[in-house]
Number of protein chains: 2
Amino acid sequence: MSSLGAMELYEQLMAQGETVRSLKAQKAPKVDVDAAVEQLLQMKLEFKRVTGADYKAGCPPEKVDVSQDGVNDTNDEGADLVDPWSVSSSSASGVDYDKLIGVSQATCESFRGSKIDQELVDRIARLSGKTPHRFLRRGIFFSHRDMHQVLDAVEQRKPFYLYTGRGPSSQAMHLGHLVPFIFTKWLQDVFGVPLVVQLTDDEKYLWKDLTLDECRRFAVENARDIIACGFDINKTFIFSDLDYMGASPAFYRNVVRVQKHVTFNQVKGIFGFSDSDCIGKISFPAIQAAPSFSNSFPQIFGDRTDVQCLIPCAIDQDPYFRMTRDVAPRISCLKPALLHSTFFPALQGAQTKMSSSDPNSSIFLTDTAKQIKNKVNKHAFSGGKDTVEEHRKFGGNPDVDVSFMYLRFFMEDDEQLEKIRQNYSSGALLTGELKKLLIETLQPLVAEHQENRKLVTDEIVQQFMSPRKLNIS
Amino acid sequence: MSSLGAMELYEQLMAQGETVRSLKAQKAPKVDVDAAVEQLLQMKLEFKRVTGADYKAGCPPEKVDVSQDGVNDTNDEGADLVDPWSVSSSSASGVDYDKLIGVSQATCESFRGSKIDQELVDRIARLSGKTPHRFLRRGIFFSHRDMHQVLDAVEQRKPFYLYTGRGPSSQAMHLGHLVPFIFTKWLQDVFGVPLVVQLTDDEKYLWKDLTLDECRRFAVENARDIIACGFDINKTFIFSDLDYMGASPAFYRNVVRVQKHVTFNQVKGIFGFSDSDCIGKISFPAIQAAPSFSNSFPQIFGDRTDVQCLIPCAIDQDPYFRMTRDVAPRISCLKPALLHSTFFPALQGAQTKMSSSDPNSSIFLTDTAKQIKNKVNKHAFSGGKDTVEEHRKFGGNPDVDVSFMYLRFFMEDDEQLEKIRQNYSSGALLTGELKKLLIETLQPLVAEHQENRKLVTDEIVQQFMSPRKLNIS
């Protein structure tokens with residue numbers, strides 16, 4: 001399914017606003033009102049994503065101006081904006097992911113993944129025979145599509161493969177960029193499956209003021225960092241689009257197949273493209289879709305179209321793969337399954353994700369121990385109180401504290417993390433002490449990454465990036 | 001330069017209508033009125049191409065309905081419609097090519113080639129040392145862009161190369177399809193230059209209800225017919241897009257370069273795409289543009305970007321190459337030069353070009369001598385009179401007679417052709433006799449083609465279609 005049209009959404013929003021008002025007037029149970037409000041917010045988010053403008057009751061799309069929002073009182077938090085190019089939230093604890101996946105109920109089926117619940121985490125543990133990764137235990141990977149189908153394949157000893165990627169817009173990768181790769185490496189290890197990593201250097205050329213050669217060079221430099229995460233050289237193929245498109249007729253065939261089955265109207269709805277966008281941007285989504293189909297990699301899978309693909313990625317990439325899942329059956333391919341992660345917050349707070357373009361928002365993989373210490377101390381948004389006295393008395397708020405959020409991503413020990421949360425909430429742990437714990441966690445992690453990266457020779461990069469047979473047993 | 005916007009065109013048309021009326025009112029010299037009317041018709045043609053609707057005075061684009069055409073009296077012939085997917089004319093002698101290239105004067109510079117005049121034909125003869133091809137002598141190739149620049153290169157002993165192509169929508173090629181190839185072979189022979197031939201099987205997949213494999217197969221079958229025209233195997237590379245895109249990173253790089261520098265607005269203006277077109281169609285023009293740049297073929301030209309390209313093609317392909325010439329300087333490439341041919345008329349008359357989809361409109365390269373005879377006798381539109389008596393008395397009209405038009409394409413002897421024209425005009429030659437002359441010209445030509453095609457083995461096709469070094473001395 002593709003996105004709903006702006007007018008349909010508008011009409012559904014009008015109706016839902018009526019529902020909320022009517023429930024409130026009837027003094028309906030709080031749980032029912034909350035569910036209806038949650039659905040309303042979800043629909044507003046989708047409306048903003050599709051139209052680029054806030055929903056206003058009484059103002060249909062294209063005519064939105066100054067009218068009143070009839071249900072304004074229900075929208076205390078403002079809207080979250082999530083697409084592949086920007087993520088923002090008006091809440092300091094960040095995007096409301098339950099709302100994003102529509103935990104209660106939602107009419108916009110297409111925008112909704114399923115929550116990764118305890119049952120699914122337990123099933124992954126059972127089938128892999130391993131303790132679930134901390135990203136699963138802590139809801140950092142929080143949503144999925146068809147993950148049970150992947151696990152069915154595992155039970156039936158059918159093959160599947162992993163696909164993830166990165167847009168190489170600069171040489172400098174930061175901590176947030178590592179999240180999908182850390183998790184993907186874990187999946188590769190516990191299930192022993194092949195992995196393809198797409199470096200969209202063509203995308204970066206189309207979107208940024210960069211030359212083709214710069215984008216290609218960033219792709220290779222980023223590949224070094226990805227390899228340093230420890231992927232299995234016998235099971236991993238990393239490719240630059242600029243290289244692989246010109247090296248694989250099978251890949252181009254799938255690109256053209258997707259391009260035939262997606263209209264400009266659809267990509268306009270999904271990605272917000274306009275008539276003044278270049279035709280390269282407009283057709284690019286097909287290139288990100290193609291690796292979801294196993295016959296894009298004949299050197300690995302031969303001409304098999306039935307090897308299930310599983311894509312671990314941040315939630316902002318979901319629009320590409322909703323489009324892909326929409327097209328798949330029409331070109332006789334399997335829909336890829338997905339695991340969605342939350343964003344990695346910027347040092348300044350969870351309102352936006354960490355971004356390479358603002359050096360103070362990010363801890364880079366090239367930062368020294370001293371730089372890490374300074375950045376955390378200076379820029380990491382604190383959930384602590386203004387004075388030590390108040391902090392001791394009222395305690396800090398770990399839900400908005402960036403140092404605590406980072407520890408959730410990188411501290412392995414659940415008990416230790418929970419103790420920190422309790423002590424920070426109670427006021428026993430001060431902000432400076434919490435930051436020190438984070439610094440002591442990040443410094444060795446980044447140093448180890450840098451050591452691993454040094455060991456990645458040109459020959460190793462070359463090998464990972466050569467189209468070749470993989471060990472897919 | 002890209003096309004003017006619909007509104008700009010509309011305003012210019014309004015102004016030009018005023019000019020025509022004013023000139024007539026002043027009883028201006030006929031030559032001035034004619035020039036102004038010609039320009040008006042040219043602008044109407046462009047308006048229809050851009051908006052898809054006829055120009056109506058007083059009805060701006062998007063609101064065209066029932067209003068009066070203020071200068072209707074000047075438009076006796078109706079409008080010609082020429083784009084890459086359809087060609088039609090309301091005149092039995094076909095599209096008015098002088099108008100198409102704007103011989104008098106025109107404001108829409110971008111739609112205007114230069115006429116191939118006697119001076120240019122003489123210069124080609126002088127530099128090649130050969131009698132100009134009958135297509136040049138007879139104005140079948142009638143318009144060009146920058147051909148003098150190509151001839152300057154020849155004089156300076158700088159290299160150039162030829163690029164032409166075909167959309168393989170079926171196995172069956174007809175006589176009209178041969179025209180650009182016959183002429184391109186002559187250019188290759190007299191100038192001794194390399195040639196690349198693009199088979200746009202990806203385009204046909206995107207536009208038609210065909211599978212990728214069908215399109216790829218048609219490409220190979222069409223390559224056989226193209227090879228049978230006698231191209232030099234040491235100087236000719238024929239490629240299927242579906243193959244070559246996946247075999248040449250350099251080609252894909254140029255595709256992406258072009259895609260970055262062309263917007264949806266531009267392709268909408270040039271090709272009439274709409275929001276409901278698939279994203280493959282929208283980005284395809286970049287794929288037809290890429291072979292215009294020598295660095296798309298590193299196996300032939302290395303990384304040279306300065307080898308001038310010359311494209312012989314039918315006039316309906318010009319929009320692709322106007323777009324290409326617009327983009328070229330912005331990606332530091334040379335603009336391709338062009339030689340435009342008129343269309344090859346259908347048997348039923350010059351109002352439309354011969355089309356594979358109507359078997360009775362076409363003489364196929366697979367037709368038997370008997371089929372050729374029957375089709376000419378039964379379907380070739382005649383410029384003769386209704387009875388022998390009338391014909392003898394008033395004579396026939398060779399300008400609308402399809403048999404005579406075909407003889408212009410395929411009879412080599414100028415004197416003989418002129419004699420036929422005179423005799424047909426005077427009534428000395430009857431329609432049946434003219435048809436017989438045509439049949440006797442086409443039967444051996446098609447039979448010879450069939451013989452040549454039989455000699456094209458799979459190995460020869462394979463060799464022509466392998467990316468490889470060519471003899472470019």
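Residues numbered from 1 in each chain as written. Chains lettered and ligands numbered in written order. Predicted model: local features only at pLDDT ≥ 70, side-chain atom pairs only at ≥ 80, totals over all residues. Heavy atoms only, no water.

**Student:** Could you clarify how one ought to interpret the overall build of chain A in this entry?
**Tutor:** In terms of helices and strands, chain A carries 22 helices and 11 strands. Considering chain A as a whole, with its 473 residues, one finds that 57% of them fall into the buried category. For chain A, contacts bridging at least 24 residues in sequence account for 76% of all contacts bridging at least 6. Summing over all exposed atoms, chain A offers an accessible surface of approximately 19,100 Å²; the carbon and sulfur share of this is 49%. (Helix = DSSP H or I, 4+ residues; strand = E, 2+ residues; numbered from the N terminus. Buried < 20%, exposed > 50% of the residue type's maximum accessible area, 1.4 Å probe, protein only. Contact = heavy atoms within 4.5 Å. Areas by Shrake-Rupley, 256 points an atom, 1.4 Å probe, with all protein chains shown as cover.)

**Student:** Can you help me understand the relation of the copies chain B and chain A in this one?
**Tutor:** Two copies of one chain are present, and they are related through a rotation about an axis combined with an axial shift. With an RMSD of 0.1 Å, chain B superimposes on chain A once it is rotated by 180° and translated 0.0 Å along the axis. Seen this way, the second copy is the image of the first under a two-fold rotation axis. For chain B, the smallest separation between a C-alpha atom and the rotation axis is recorded for B:Gly246, amounting to 2.1 Å. Of all interface residues in chain B, 100% are interface residues in chain A too; the two copies therefore contact each other through one and the same surface. (Least-squares fit on C-alpha atoms with pLDDT ≥ 70 in both.)

**Student:** Looking at this model, I keep getting lost on the pattern of salt bridges. Mind explaining?
**Tutor:** Side-chain pairs of opposite charge can arise where the charged atoms are in close proximity. Throughout the structure, instances matching the rule amount to 48 salt bridges over all chains. In this structure, A:Lys268 and B:Asp275 form a salt bridge, with 2.4 Å as the shortest nitrogen-oxygen distance. Remark: B:Asp275 occurs in the loop between helix 12 (264–271) and helix 13 (279–283) and A:Lys268 occurs in helix 12 (residues 264–271); the pair is interchain, linking two chains. Look at the salt bridges and you will find they share partners, linking A:Arg134, A:Arg137, A:Arg138, A:Glu412 and A:Asp414 into a network. (Salt bridge = Lys/Arg side-chain N within 4 Å of Asp/Glu carboxyl O.)

**Student:** Would you mind going over the packing of helix 4 (residues 118–128) of chain A against helix 6 (residues 147–155) of chain A with me for this structure?
**Tutor:** Geometrically, a packed helix pair is captured by the angle between its two axes and the distance between the axes. Residue and element names in this part refer to chain A. Across the interface, helix 4 lies against helix 6 with an axial gap of 11 Å and an inter-helix angle of 20°. The angle between helix 4 and helix 6 places the two elements in the roughly parallel class. In this structure, helix 4 meets helix 6 at a crossing whose hand is left-handed. On the side of helix 4, the interface is formed by Glu119, Leu120, Arg123, Ile124 and Leu127, while helix 6 contributes Met147, His148, Leu151, Asp152, Val154 and Glu155. Residues that form the contact of helix 4 with helix 6 fall into these classes: 6 nonpolar, 1 polar and 4 charged. (Axes fitted to C-alpha atoms, helices over the stretch in contact; angles between N-to-C directions. Parallel < 35°, antiparallel > 145°, perpendicular 65-115°, else oblique. Left-handed = near helix turned anticlockwise from the far one by under 90°. Nonpolar A, V, L, I, M, F, W, Y, C, P; charged D, E, K, R; others polar.)

**Student:** How should I be thinking about unusual backbone geometry in this particular structure?
**Tutor:** Only a minority of non-glycine residues have a phi that is not negative, and only a minority of peptide bonds are not trans. Residue and element names in this part refer to chain A. Phi is positive for Arg157, close to 55°, though the residue is something other than glycine. Following the sequence through the fold, Arg157 ends up in the loop between helix 6 and strand 5 (160–166). On the basis of relative accessible area, Arg157 is assigned to the exposed category, the value being 78%.

**Student:** Honestly, the nonpolar core in this entry has me stumped. Any pointers?
**Tutor:** Considering soluble globular proteins, one finds that nonpolar side chains tend to be buried as a cluster. Membership of the largest hydrophobic core comes to 100 residues, with the highest contact counts inside it found for A:Val258, A:Val267, B:Val258 and B:Val267. Among all residues touching B:Val267, those that are not within four sequence positions of it are A:Ile279, B:Val262, B:Gly272, B:Phe273, B:Ile282, B:Pro285 and B:Met323. Counting residues in each nonpolar core, the second largest holds 70 residues, with B:Phe160, B:Cys229, B:Ile420 and B:Val456 among its members. (Core = buried A, V, L, I, M, F, W, Y, C linked by side-chain atoms within 4.5 Å.)

**Student:** Please explain the pairing of strand 4 (residues 141–145) of chain A as it appears in this structure.
**Tutor:** Sheet faces and side chains relate simply in a regular strand, where the side chains alternate between the two faces. Residue and element names in this part refer to chain A. Among the 5 residues that make up strand 4, 5 are buried, leaving the element largely enclosed by the rest of the structure. The pairing of strand 3 (residues 114–115) with strand 4 spans 2 bridges and is antiparallel. By the bridge assignment for strand 4, Lys115 is matched with Ser143. (Pairing = 2+ DSSP bridges.)

**Student:** Looking at this model, I keep getting lost on the sheet that holds strand 5 of chain A. Mind explaining?
**Tutor:** The strands that make up a sheet are held in pairs by hydrogen bonds between backbone atoms, and each pair lies either parallel or antiparallel. Residue and element names in this part refer to chain A. With mixed pairing, the 7 strands of this open sheet are ordered in space as 3-4-9-8-5-6-7. For this open sheet the edge positions go to strand 3 and strand 7 (236–240), each flanked by a neighbour on one side alone. Pairing of strand 6 (residues 195–199) with strand 7 involves 5 bridges; the strand directions are parallel. Its bridge partner being in strand 7, Val197 is matched across the sheet by Ile238.

**Student:** Explain the confidence of the model for chain A here, please?
**Tutor:** Detailed reading of the predicted coordinates is not advisable wherever pLDDT is low. Residues and elements named next belong to chain A. Taken over all residues, the pLDDT of chain A has a mean of 87, while the share at 70 or more is 81%. In the model, residues 63–78 has pLDDT below 50 throughout and makes 29 contacts with residues more than four positions away in sequence or in other chains. Segment residues 103–109: pLDDT under 50, and 18 contacts once partners within four positions in sequence are set aside and those in other chains are kept. Scoring of the predicted complex yields 0.81 for pTM and 0.80 for ipTM. (pLDDT = per-residue confidence, 0-100.)

**Student:** Hey, could you run me through the sheet that holds strand 7 (residues 236–240) of chain B in this one?
**Tutor:** Residues and elements named next belong to chain B. Strand order across the open sheet formed by 7 strands is 3-4-9-8-5-6-7, with mixed pairing between neighbours. A single partner strand is all that each edge strand has here, and the edge strands are strand 3 (114–115) and strand 7. The pairing of strand 4 (residues 141–145) with strand 9 (residues 337–341) spans 4 bridges and is antiparallel. Each bridged residue has a counterpart across the sheet, and for His144 the counterpart in strand 9 is Leu339. Against the sheet, helix 7 (residues 175–191) makes contact with strand 4, strand 5 (160–166), strand 6 (195–199), strand 7, strand 8 (308–314) and strand 9, and its axis sits at roughly 165° relative to strand 5, the strand it touches most. The sheet strands contacting helix 16 (residues 318–327) are strand 4, strand 5, strand 8 and strand 9, and the helix crosses strand 9 at an angle near 165°.

**Student:** I'm lost on the interface of chain B and chain A in this one. Help?
**Tutor:** One frequently used descriptor of interface size is the decrease in accessible area upon assembly of the parts. On the side of chain A, 40 residues touch chain B, which itself brings 40 residues to the contact. Buried area between chain B and chain A, summed over both chains or domains, comes out near 3,300 Å², and the portion from carbon and sulfur atoms is 61%. Interface area lost by chain B to chain A is led by B:Tyr252, B:Lys260 and B:Ile279, which between them contribute 23%. For the pair chain B and chain A, the number of links is 4 salt bridges. At the boundary of chain B with chain A, the tally comes to 27 residue pairs in polar contact (both at pLDDT 80 or more). Counting only elements with at least two residues in the side of chain B that touches chain A, the list comes to helix 8 (201–207), helix 9 (212–227), helix 10 (241–244), helix 11 (249–260), helix 12, helix 13 and helix 14 (285–289) of chain B. Broken down by element, the side of chain B that touches chain A gets its largest block of residues, 7 residues, from helix 11 of chain B. Classifying every residue of the side of chain B that touches chain A gives 18 nonpolar, 9 polar and 13 charged. (Buried area = accessible area lost by both parts, 1.4 Å probe. Polar contact = N/O pair within 3.5 Å; in protein donor to acceptor, adjacent residues only side chain to side chain.)

**Student:** Help me out: how do you make sense of helix 16 (residues 318–327) of chain A in this one?
**Tutor:** Three or four residues apart is the spacing at which side chains of an α-helix point the same way, because the helix has 3.6 residues per turn. Burial analysis of helix 16 of chain A places 10 of its 10 residues in the buried class, which makes it a mostly covered element. For helix 16 of chain A, the full list of buried residues reads A:Asp318, A:Pro319, A:Tyr320, A:Phe321, A:Arg322, A:Met323, A:Thr324, A:Arg325, A:Asp326 and A:Val327.

**Student:** Help me out: how do you make sense of the packing of aromatic side chains in this one?
**Tutor:** Geometrically, a pair of aromatic rings is defined through the distance of the ring centres and the angle of the planes. In the structure shown here, the tally under the stated rule is 55 aromatic pairs over all chains. Look at A:Phe237 and A:Phe239: their rings are 5.3 Å apart centre to centre, the planes differ by 25°, and that puts the pair in the stacked class. Look at A:Phe237 and you get buried, because its relative accessible area is 0%. When the centroid spacing of 5.9 Å and the interplanar angle of 75° are considered together, the rings of B:Trp207 and B:Phe284 count as edge-to-face. In this pair, B:Trp207 is assigned in helix 8 and B:Phe284 in the loop between helix 13 and helix 14, connecting sequence segments 77 residues apart. Judged by relative accessible area, which is 0%, B:Phe284 ranks as buried. (Phe/Tyr/Trp six-rings, centres within 6.5 Å; stacked < 30°, edge-to-face > 60°.)

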